[in-house]
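A look at the structure
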Amino acid sequence: MTVQQIRLFGDPVLRTPADEVRDFDKELRTLVKDLFETMLDAPGVGLAAPQIGVGLRVFTYHLDDAESGHLVNPLLAFPDEEEQDGPEGCLSIPGLYFDTKRRLNVVAKGFNSYGDPVQIVGTGLMARCVQHETDHLDGVLFIERLDRTARKEALRAIRAAEWYDPSNPPLVKVSPHQTPGIFG
Ligand SMILES: [Zn+2]
């Protein structure tokens, strides 16, 4: 397991829709372990593969020991119309939090790293996390969920942030297979 560098706002990999996972193999399980370790190290409650530069539809989550795991190729469904509003942040936009509207309840279907079907039924923070991470797999950042005025404010805050570097070098991997050994 290796803690990977988390890509920051401005890196094109964060704007690129990730590919479906087709091979449920050892490399995928290494990717999940790396994601998990990187997420705990940050620390964060969720981390999606594009955030460590891998364009595959995988994310990990850890709210507490009971709500902890990973999901591959997630498909979201919303059992009702209820919404929640509250502060949301992102490891790729460090130190900044903005009130973000999300659905309150979500059912996420997908697979574990062995290809077995799994389902997450989430509410509150868990539902927020699942929506945030699935957005990452579609190349969507949470500031895009804000209304126009709030998004402008968020972009201003990002450009003023210490870490913001518009010359961030692009590096997009579409598969862990293309760079053998990088997960060692
Ligand atoms: Zn994020």
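Cut-off values and rules
Residues numbered from 1 in each chain as written. Predicted model: local features only at pLDDT ≥ 70, side-chain atom pairs only at ≥ 80, totals over all residues. Heavy atoms only, no water. Donors = N, O, S within 2.8 Å, 3.2 Å for Na, K, Ca; no water. Helix = DSSP H or I, 4+ residues; strand = E, 2+ residues; numbered from the N terminus. Buried < 20%, exposed > 50% of the residue type's maximum accessible area, 1.4 Å probe, protein only. Polar contact = N/O pair within 3.5 Å; in protein donor to acceptor, adjacent residues only side chain to side chain. Contact = heavy atoms within 4.5 Å. Core = buried A, V, L, I, M, F, W, Y, C linked by side-chain atoms within 4.5 Å. Pairing = 2+ DSSP bridges. Salt bridge = Lys/Arg side-chain N within 4 Å of Asp/Glu carboxyl O.

With respect to the coordination of the zinc ion
- Here the zinc ion is held by the protein donor atoms C90 (SG), H132 (NE2) and H136 (NE2), which lie 2.0 to 2.3 Å from it.
- Mapped onto the sequence, the residues coordinating the zinc ion show the spacing C-x41-H-x3-H. Of the two residues, C90 sits in strand β4 (residues 83–90) while H132 sits in helix α2 (residues 125–137), which places them 42 residues apart along the sequence.

Quick look at the side chain of N112
- Summarising the element assignment, N112 is placed in the loop between β6 (105–111) and β7 (117–123).
- In this structure N112 comes out as buried when scored by relative accessible area, which is 17%.
- Reaching out from N112, the side chain makes a polar contact with the backbone nitrogen of Y114 at a distance of 2.9 Å.
- Aside from chain neighbours lying at most four places away, what touches N112 is F24, H70, V72 and V118.

Some thoughts on the nonpolar core
- If you look at the biggest cluster of nonpolar residues, it comprises 14 residues, and the most contacted ones within it are L31, L35 and V58.
- The biggest single contributor to this core is helix α1 (residues 26–41), with five residues.
- Counting residues in hydrophobic clusters, the runner-up holds 13 residues, among them I93, L96, I143 and L146.

A look at the pairing of β4
- Across seven bridges, the pairing between β4 and strand β5 (residues 93–103) is antiparallel. Its bridge partner being in β5, E83 is matched across the sheet by R103.
- Count of turn residues in the β4/β5 antiparallel hairpin: two residues.

Some words on the side chain of T100
- Topologically, T100 is positioned in strand β5.
- You can call T100 buried: its relative accessible area is 0%.
- Once residues within four sequence positions are removed from consideration, T100 is found in contact with Q84, D85, G86, E88, R128, F142, R145 and L146.

Considering the pattern of salt bridges
- Throughout the structure, instances matching the rule amount to seven salt bridges.
- R128 is the partner of E88 in a salt bridge, and the nearest nitrogen-oxygen pair spans 2.6 Å. With E88 in strand β4 and R128 in helix α2, the pair connects residues that are 40 residues apart, well separated along the chain. We note that E88, like R128, is buried.
- For D135, the salt bridge identified is with R102, shortest N-O distance 2.9 Å. Placement of D135 in helix α2 and of R102 in strand β5 is noted, with a sequence separation of 33 residues between them.
- What emerges from the salt-bridge pattern is a single network uniting E88, R102, R128, D135 and R145.

Here we look at the environment of P17
- Along the chain, P17 turns up in the segment before α1.
- With 120 residues separating them in the primary sequence, P17 and L137 have C-alpha atoms 5.7 Å apart.
- If we skip the residues at most four places from it in the chain, P17 touches L137, D138 and G139.

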